[in-house]
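Fold and contact review
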Amino acid sequence: MTLPALHNTGVLYRRILAQFPQDISLAFAYGSGVFKQHGTSQGQMEKNMLDFVFAVDDPVTWHTMNLLQNRKHYSILKLLGPTMISSIQNDHGASVYYNTLVPVDGKIIKYGVISTDSLIDDLMHWKTLYVAGRLHKPVKMLVQSENGKLRAALVANLKSAVTASFLMLPESFTEEDLFLQIAGLSYAGDFRMVIGEDKSKVANIVRDNIQYFRVLYSNILRDCPLVVYKAHQGKLEVDKSPEGQFIQLMALPRTLQQRITKLVDPPGKNRDVEEILLQVAQDPDCGAVVQQGISSIVKTSSITQSIKGIATAGLWKTVSYSSKKMMKMWKGWRRKPSVSQMS
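Calculation rules
- By convention here, each chain's residues receive numbers from 1 onward along its written sequence.
- The model is predicted, so local features are restricted to residues of pLDDT at least 70 and side-chain atom pairs to those at 80 or more, both for listing and for counting; the totals for chains, interfaces and linings are taken over all residues.
- Note that the side-chain values use all heavy atoms of the structure and ignore hydrogens as well as water.
- UniProt positions are given in the numbering used here, feature names are shortened, and annotations may be inferred rather than shown by experiment.
- Basic side-chain nitrogens of Lys or Arg form a salt bridge, by our definition, when they fall within 4 Å of a carboxyl oxygen of Asp or Glu.
- Each helix corresponds to a stretch of at least 4 residues labelled H or I by DSSP, and each strand to a stretch of at least 2 residues labelled E; elements are numbered beginning at the N terminus.
- Each patch is built from salt-bridge-free residues with over 30% relative accessible area, joining like charges within 9 Å and nonpolar side chains (Val, Leu, Ile, Met, Phe, Trp, Tyr) within 5 Å.
- In short, Shrake-Rupley with a 1.4 Å probe defines the accessible areas, and a residue's cover is counted only from the protein chains shown.
- The sign given to each residue is positive for Lys and Arg and negative for Asp and Glu; His and the chain ends receive no count.
- Where a charge sits is defined by one atom per residue type, namely NZ (Lys), CZ (Arg), CG (Asp) or CD (Glu).
- Burial classes: relative accessible area under 20% of the type maximum marks a residue as buried, over 50% as exposed, and values in between as partly exposed (1.4 Å probe, protein chains only).
- A contact between two residues is defined here by any heavy atoms of the two lying within 4.5 Å.
- Structural elements are reduced to axes, namely lines fitted to C-alpha atoms, with helices fitted over the stretch in contact, and the angle between N-to-C directions of any two is expressed from 0 to 180 degrees.
- A clockwise turn of the near helix away from the far one marks a right-handed crossing, whereas an anticlockwise turn of less than a right angle marks a left-handed crossing.
- Residue classes follow a fixed rule: Ala, Val, Leu, Ile, Met, Phe, Trp, Tyr, Cys and Pro count as nonpolar, while Asp, Glu, Lys and Arg count as charged, and any other residue, Gly among them, counts as polar.
- Our angle categories are set so that under 35 degrees counts as roughly parallel, over 145 as roughly antiparallel, 65 to 115 as roughly perpendicular, and the remainder as oblique.
- Any two strands with at least two DSSP-identified bridges between them are counted as paired.

An unreviewed UniProt entry annotates the protein chain as Phosphatidate cytidylyltransferase, mitochondrial originating from Menidia menidia. UniProt's Subcellular location (unreviewed entry) comment on the protein chain is quoted here verbatim: "Mitochondrion inner membrane".

As structure tokens, then:
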């Protein structure tokens, strides 16, 4: 099984990618400049910054080449050289190094660089849920190498998003409920949702892009033994028995299981993970415990990555980028009455 991708990359994306070193194992574009969000006109969308993530097998070599081709993209950290830049990328925050507010081919872009190994780790185990969370939502896949391990990890990440969402939803729900839950996973606990992001962001992402969510998830939902998927009605029913919830909890990514264990098991008891998850499966608040576990992962990575972003972007770009985010949040507040009337 391969990950469904939106392959209509268009000349614009190919032209932008051509400006970078080509040793990329995975590249995708995401965000409001790529997918229309509710309440945004086509004209506004075309003015939005384009967001990219590039996964590279060898970050030191890639940054060496990129510094030769695109030195102006980097903040003052370029003076430290490619080895130190790679170290900052891998060892701090969510293992991503972002260059932001970069003019390329008539567009303003932001691009994050992550090592292929760090990406696979996040997809499989939800270590930070930073890039894995972006890949829960539709993205425009631009490059995807034949790396079998990476392909398997991309699918595993989508299955984990479905499993975690099942645990937080009631016994029966709609497709839209599921996609809203999935889209919200990587925002749970993100401090930027308190200040700096439009509060209706998750609904805006899902509302105009349900067909793309279906492309990502319909095969997984059809193949899942714990759910009845009535695709023609857009409705689902999930097994909420303790046995069903235990199977789902045992299928969650390792980091999330560890966070849940930490929340539930008092210090000093040291029970094994299976025993604790069996207890959680029988708890009426099982979904809330899963939500707390996810929030604790996202909270840590969103704070540390944002602090790192100040250094990698430089002070002027940080102020400029943050002010644009605040403006979007303000517009979201002003739009809110009309949005709530529609829901």
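Additional details are given in the paragraphs that follow.
Attention now goes to the pattern of salt bridges. This model, assessed by the stated rule, comprises seven salt bridges. The partner of lysine 127 in a salt bridge is aspartate 121, and the shortest N-O contact between them spans 3.8 Å. Notably, a salt bridge pairs glutamate 175 with arginine 214, separated by 2.8 Å at the nearest N-O pair. Here glutamate 175, found in helix α8 (residues 175–184), pairs with arginine 214, found in helix α10 (residues 210–223); they are 39 residues apart in sequence, far enough to count as distant.

Before going further, it helps to spend a moment on a negative patch on the surface. Taken together, the side chains of Asp23, Asp57, Asp58 and Asp117 present a region of like negative charge at the surface. The partly exposed category is assigned to aspartate 23, whose relative accessible area is 45%.

Turning our attention to the environment of leucine 221. Among the secondary structure elements, leucine 221 is positioned in helix α10. For leucine 221, a relative accessible area of 1% corresponds to the buried category. Aside from chain neighbours lying at most four places away, what touches leucine 221 is Val162, Phe166, Leu178, Val227, Tyr229 and Leu236.

Before going further, it helps to examine the packing of helix α7 (residues 148–168) against helix α11 (residues 242–251). Relative orientation of the contacting elements α7 and α11 amounts to 140°, with a least axis distance of 9 Å. Judged by the sense of rotation from one axis to the other, the crossing of α7 with α11 is left-handed. Across the interface between the two elements, Thr163, Phe166 and Leu167 of α7 pack against Gln245, Gln248, Leu249 and Ala251 of α11. Its residues assigned to classes, the contact of α7 with α11 shows four nonpolar, three polar and no charged.

The subject of this paragraph is the packing of α11 against helix α13 (residues 273–281). The interhelical angle for the contact between α11 and α13, taken along N-to-C directions, is 135°, at an axis separation of 8 Å. By the angle between their axes, α11 is oblique relative to α13. Between α11 and α13 lies a crossing whose hand is right-handed. Along its contact with α11, which presents Pro242, Gln245, Phe246, Leu249 and Met250, the element α13 presents Glu274, Leu277, Leu278, Val280 and Ala281.

Of the two faces of strand β8 (residues 235–238), the one holding Leu236 and Val238 is buried and the one holding Lys235 and Glu237 is not buried anywhere. In sequence, strand β7 (residues 227–230) turns back onto β8 through a hairpin of four residues, with glycine 234 there showing a positive phi of about 70°.

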